[in-house]
Amino acid sequence: MATQAPHAVVTGLQWGDEGKGKIVDWLTESYDLVVRYNGGANAGHSVVIGDRRYALHLVPCGILRPGVLNLVANGVVLDPEQILREIAELEAGGLPVGERLKISDRAHLVLPYHKRADGLMEAAVAALAGEASQVGTTGRGIGPCYADKAQRTTAVRVADLYQPEALRRQLAHIAGVKNATLGALAGLSGQTFEPIDPAALHATLLSIGEQLRPYVADTAAIIRDAMAEGRRVLFEGGNGSLLDVDHGTYPYVTSSSTTALGIHAGAGVPAARLGRVVGIVKAYTTRVGAGPCPTEQVNAIGEHLRERGHEYGTTTGRPRRCGWLDLVALRHSAQLSGATELSIMLLDVLAGLETLQICTAYRLDGRLLDGFPASAAELERVEPVYETVPGFAEEVTAVRAYDQLPAAARAYVERIEALAGVRVSMVSVGPERSQTLVR
Ligand code: GDP
Ligand code: IMO
Ligand code: MG
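Enquirer: Teacher, can you tell me more about the site of ligand 1 here?
Expert: Lys20, Gly44, Ser46, Asp348 and Ser428 are the nearest of the 20 residues found near ligand 1. The separation between an oxygen atom of ligand 1 and a polar main-chain atom of Gly44 is 2.8 Å. If ligand 1 stood free it would expose 580 Å²; the protein chains cover 92% of that surface. Contributions of two or more residues to the shell around ligand 1 are made by helix H1 (20–27) and strand E3 (45–49). Taken together, the residues of the shell around ligand 1 sort by class into five nonpolar, eight polar and seven charged.

Shown next, in the form of structure tokens:
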């Protein structure tokens, strides 16, 4: 009988970029497999090891630890050119990928027309209703690819690359449908769409299939076998909980299940198998793209956070919107994923602020709200209720033990813990591995 292997989840509890990559890298020392289960190249996970910084989009962060097997599971939308580029970059940098990466044969492919469709939809919405109606996507083709997944007849999966005749027929109708629909969509914003040539796409996809072949596998079966053998599996969430297509600030979200809830379908793992759920929390709030962000500070505080935190996107380079920590949103996402512990990230960025504010409730039209609003329009209108706590002046990047943090920094962490009702197990005071304080 297999032993009960302790498996873990790393999931961002805000709007992304919480520092998931750093903690996946940190924890992976104790795990055998790292599995990405949602999203695609919209994710940008930046990991610093010594004097090197790695920016990973599709390859799980476990690739940075020798001996760890990395899986891109079925729930991911795979941009094949992007993942091949990442593999080549890792290998050129002296990190062999080879047998340490497996890609699900059931994952859907993001193709060039998905990225084009992403931009065309944003442009069409802006032309018809103004820029405020745009989602502000990363332009990585995520929404259009998941839409095709749900549509079925217009989708291409990894396994299709190895059925050349069926793929030829599939591409003939996909080209017909896309050329008509994307041509019309382009017209709405005064653009044109270069029609897809199905024969050329067929040749490209067969070549991509050969390049991907060494990595392709039934990843759900690998996870099942690994768990049965008592190996430890870590699930790496992409994007953040508030970008979840069901539970986030819809429609200003991404198109996948970003919380730990997405693991079961996105990796083919039964619910009972997950024990440790590490919620990653930036010590303040950031958001890229459009949509409500109640605690956003469009002022000197926001500037302080952006400049000290280098808050510019890993994927698109866009400046991130910055603000105070939002405990209403955090409680919502911690509950969805069943967070068993929290890791508070980028605490060092707060140094130098005289006082810190924590949003503990939302007020709307003079009354306090229960729970997290479903409507983005309502969330746009809420007024955050803040609790003010003392800040800390000292830099904390050189601190190596929790007890050595300034008293006000510890009090801030412990207040978050009390308000969230979830234990804080780690505090991060810089991007490097050594800047991780375990409590
Ligand atoms: P992810 O998408 O959740 O993996 O996060 P990103 O990598 O997009 O963004 C987090 C950024 O913060 C990266 O540049 C990290 O190197 C950096 N980072 C992580 N933890 C800390 C920290 O404690 N302090 C500081 N200053 N930077 C950190
Ligand atoms: P990581 O994994 C921050 C945001 C986009 C946009 C919305 C929809 O690095 O935390 P999409 O391209 O997914 O259709 O864009 O979601 N977004 C992210 N923001 N970090 C991410 O990933 C994100 N992935 C998507 O900015 O607002
Ligand atoms: Mg990121």
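Enquirer: Just checking my understanding: could you explain the site of ligand 2 for this structure?
Expert: Within the structure, ligand 2 sits among 20 residues, and Asp17, Lys20, Thr138, Asn239 and Thr254 are positioned closest to it. Gly136 has a polar backbone atom sitting 3.4 Å from an oxygen atom of ligand 2. Separating an oxygen atom of ligand 2 from a side-chain N or O atom of Thr138 is a distance of 2.6 Å. In isolation ligand 2 offers 550 Å² of accessible surface; the protein chains occlude 97% of this area.

Enquirer: Help me out: how do you make sense of the nonpolar core in this one?
Expert: Taken as a class, soluble globular proteins show a tendency for nonpolar side chains to be buried jointly. Counting 58 residues, the largest nonpolar core has Leu78, Ile83, Leu90, Leu101, Ile103, Tyr113 and Leu212 as the members making the most contacts within it. Counting residues per element, this core draws most heavily on helix H5 (residues 164–188), which supplies seven residues. When residues are assigned to domains, this core turns out to be shared by domain 1 (8–100 + 218–438) and domain 2 (108–214), each giving three or more. Not counting the four nearest positions on each side in its chain, Ile83 is found in contact with Leu58, Val59, Val72, Leu78, Leu101, Ile103 and Leu212.

Enquirer: Sorry, what's going on with the coordination of the magnesium ion (ligand 3) here?
Expert: The reference angle at a metal is 109.5 degrees if four donors form a tetrahedron and 90 or 180 degrees if six donors form an octahedron. The coordination sphere of the magnesium ion (ligand 3), as far as protein atoms go, consists of Asp17 (OD) and Gly44 (O), spread over 2.0 to 2.1 Å. Of this pair, Asp17 sits in the loop between strand E1 (8–12) and H1 while Gly44 sits in the loop between strand E2 (33–36) and E3, and the two are 27 residues apart along the sequence. What makes Gly44 buried here is its relative accessible area of 11%.

Cut-offs and rules
- Residues numbered from 1 in each chain as written.
- Chains lettered and ligands numbered in written order.
- Predicted model: local features only at pLDDT ≥ 70, side-chain atom pairs only at ≥ 80, totals over all residues.
- Heavy atoms only, no water.
- Near = heavy atom within 4 Å.
- Polar contact = N/O pair within 3.5 Å; in protein donor to acceptor, adjacent residues only side chain to side chain.
- Areas by Shrake-Rupley, 256 points an atom, 1.4 Å probe, with all protein chains shown as cover.
- Helix = DSSP H or I, 4+ residues; strand = E, 2+ residues; numbered from the N terminus.
- Nonpolar A, V, L, I, M, F, W, Y, C, P; charged D, E, K, R; others polar.
- Core = buried A, V, L, I, M, F, W, Y, C linked by side-chain atoms within 4.5 Å.
- Buried < 20%, exposed > 50% of the residue type's maximum accessible area, 1.4 Å probe, protein only.
- Domains from an automatic or database assignment.
- Contact = heavy atoms within 4.5 Å.
- Donors = N, O, S within 2.8 Å, 3.2 Å for Na, K, Ca; no water.

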